[in-house]
Every structure is written in C-alpha cells, then in structure tokens.
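# Structural description and commentary
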Amino acid sequence: MPEALPRRLILGYAPPLGIVLDPFGGTGTTAAAAKALGRVGISADISPAYIRLAAWRSTSLPDTVRRRAASRR
C-alpha cells in the first residue's frame, strides 16, 4: 500500500501524540507512517512473516524519527 493513503487518514483523524491502531498490520506501512507523523503506531497481524517484516521496517526508520517518538513517551 502506498504510504500516502495512511498519511492522509492519520493527519485527518489522529491527534498529535495520538494512537493509531491497525489490526491488519501487514508490512507495517500504517505504523511507520504514524511514527513518522509523531503518533504512536500499533499494528497486529496473524502472519509471522509480516510481523518480522514490520518489525524490521520499524527499526529501519531514520534515527531522528525514532528519537522523536521515544522522547514523547
């Protein structure tokens, strides 16, 4: 899924520092977009392969994004 789609929804409906829940997380695009926009992204998926991929993607975010998200907790 292109990241532009969840970005529009997150900006329209999730307040800053809000929580974005994606129960069908897949590759973690929505959670990554949420983190990049200063929200907390939570995703879940039944596939272990997708969970590993999403975890890898969340750790491969730019360091500044991870630091900004961690400082708001």
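Rules of the game
Residues numbered from 1 in each chain as written. Predicted model: local features only at pLDDT ≥ 70, side-chain atom pairs only at ≥ 80, totals over all residues. Heavy atoms only, no water. Salt bridge = Lys/Arg side-chain N within 4 Å of Asp/Glu carboxyl O. Buried < 20%, exposed > 50% of the residue type's maximum accessible area, 1.4 Å probe, protein only. Helix = DSSP H or I, 4+ residues; strand = E, 2+ residues; numbered from the N terminus. Polar contact = N/O pair within 3.5 Å; in protein donor to acceptor, adjacent residues only side chain to side chain. Contact = heavy atoms within 4.5 Å. Pairing = 2+ DSSP bridges. Right-handed = clockwise from strand over helix to strand, strands pointing away.

### A short note on the pattern of salt bridges
Charged atoms that come close allow side chains of opposite charge to pair. Tallied over the full model, the rule gives 1 salt bridge. Here Arg7 makes a salt bridge to Glu3, at a shortest N to O gap of 3.9 Å. Judged by its relative accessible area of 32%, Arg7 is partly exposed.

### Focus: the environment of Ile51
Topologically, Ile51 is positioned in helix H3 (residues 48-59). Through-space distance from the C-alpha of Ile51 to that of Gly28 is 8.1 Å; in sequence the pair is 23 residues apart.

### With respect to the side chain of Thr29
With respect to the element layout, Thr29 can be found in helix H2 (residues 29-36). Among the polar contacts made by the side chain of Thr29, one reaches the side chain of Arg57 at a distance of 3.0 Å. Beyond its immediate stretch of four places on either side in the chain, Thr29 contacts Met1, Pro2, Glu3, Pro6 and Arg57.

### Thoughts on the pairing of strand S2 (residues 40-43)
Both strand S1 (residues 19-22) and S2 contribute to a ladder of 4 bridges, which runs parallel. Counted as the bridge partner of Val20 is Gly41 from S2. Since S1 and S2 lie parallel, the crossover through H2 that links them has a hand, and here it is right-handed.

Function cannot be inferred from these measures alone, as they are strictly geometric.
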